[in-house]
Amino acid sequence: MQDIPLWYWLIVFFALGACVGSFYNVIVYRMPRGISLINPPSHCPLCKKHIPIRYNLPIVGWLWLRGKSACCKQPISVIYPIGESLCGLLGALSLFAAVAVGYGAVVPELFSAPVTNPAVWANALALFWLLLGAYPVCAVDCQYKLIPDSISVGGIVAGLLISFIPGGVTPLQSLIGAVAAGGGLYLLGLIASKVLKKEAMGFGDVKLLAGYGALMGLTGAVETLVVAAILGLLVMVPYGKISARKAERANASADDAQTAGQIPFGPFLAVAAPFMYLWGEPLFQMYLKFVLGE
């Protein structure tokens, strides 16, 4: 591992990202429909025949079959290889960004040199989870108002495991981040629900932020929550008004009009998390200088 150059690891991270993207395609399709992620195994959604492993290869399988199923020759949506390719690029980007932060910059010489800094690997794995996890969170939560436990609870487990790599978040910071971030958001949602007399925060958001706390520590999770809340307000306020007006014009009930203007909070957390992992500290220092005038 010490002698393997960066360019090779970028290819590996792209391949891993594409494989994870293929699994996320399964999550996006099956989870909202209440279908097990394990059983039945991969099968054609049209004729229900089992799909051989060679046709399940991310990106390659779709190209091999020329965009049609091997069993019934029906078109396979191009969304699948696009999602896998995007996740592959995000996987490679996670390592590239970690190297850029760890070494200050990525010069051509680094591509042929091995990555020896443990902190770079800790950051790369955390960013890998944060960047790729945004795909199923946004896809499922926007449409079904659900956040997959494989991403939220899985983030807690992944964060605790990654914390044992030297140079990143320590195990104690990871544990405190998960408990304090998740617990704090749960209490905040509980208080808001009492005040507003309606559910103000879904438990899926609580588990998702707990996962981010495990990956980023408490400070990173709080920064993510603040930025996500700002983004949410910038989007939800005008969207809610526009949706409510459309519902009123369609003679919908007050409850339907209110529901039409609701946007899930999970995607904002998912988008803010990788940015704050990379640039949370510099942005916080800039904010302090702006407020304190130093």
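Bear in mind the structure is a predicted one, so any value in this text is a computation, not a measurement. (Residues numbered from 1 in each chain as written. Predicted model: local features only at pLDDT ≥ 70, side-chain atom pairs only at ≥ 80, totals over all residues. Heavy atoms only, no water.)

(A) The arrangement of empty space enclosed by the protein in detail. Taken as a whole and assessed by the stated rule, the structure comprises 1 cavity of 30 Å³ or more. Within this model, the largest cavity holds a volume of roughly 40 Å³. Along the walls of the largest cavity sit A122, A126, G159, I162, S163, G168, V169, A214, L215 and Y277, which together make up its complete lining. When contributions to the lining of the largest cavity are tallied by element, the ones reaching two or more residues are α5 (118–144), α6 (149–162) and α8 (203–249). (1 Å grid on protein atoms, 1.4 Å probe; cavity = no way out; pocket = protein on both sides within 12 Å on 5 of 7 lines; lining within 4 Å. Points joined across faces, edges and corners; volume = space filled by probe spheres on them. Helix = DSSP H or I, 4+ residues; strand = E, 2+ residues; numbered from the N terminus.)

(B) The confidence of the model for the chain, seen in detail. Residues at a pLDDT of 70 or more form 91% of the chain, whose mean pLDDT is 85. When pLDDT is averaged over each element of the chain, α6 comes out on top at 93 and helix α9 (residues 254–260) at the bottom at 51. (pLDDT = per-residue confidence, 0-100.)

(C) Seen up close, a positive patch on the surface. There is a patch of like positive charges on the surface, built from K241, R245, K246 and R249. Along the chain, the position of K241 falls in helix α8. What makes K241 exposed here is its relative accessible area of 53%. (Patch = residues over 30% accessible without salt bridge, like charges linked within 9 Å, V, L, I, M, F, W, Y side chains within 5 Å. Areas by Shrake-Rupley, 256 points an atom, 1.4 Å probe, with all protein chains shown as cover. Salt bridge = Lys/Arg side-chain N within 4 Å of Asp/Glu carboxyl O. Lys, Arg positive; Asp, Glu negative; His and termini not counted. Charge placed at Lys NZ, Arg CZ, Asp CG, Glu CD. Buried < 20%, exposed > 50% of the residue type's maximum accessible area, 1.4 Å probe, protein only.)

(D) Representation of the pattern of salt bridges in the model. According to the stated counting rule, one finds 1 salt bridge in the structure shown. The residue D149 makes a salt bridge to K207 at a minimum N-O spacing of 2.6 Å. Placement of the pair is D149 in helix α6 and K207 in helix α8, with a sequence separation of 58 residues. What makes D149 partly exposed here is its relative accessible area of 42%.

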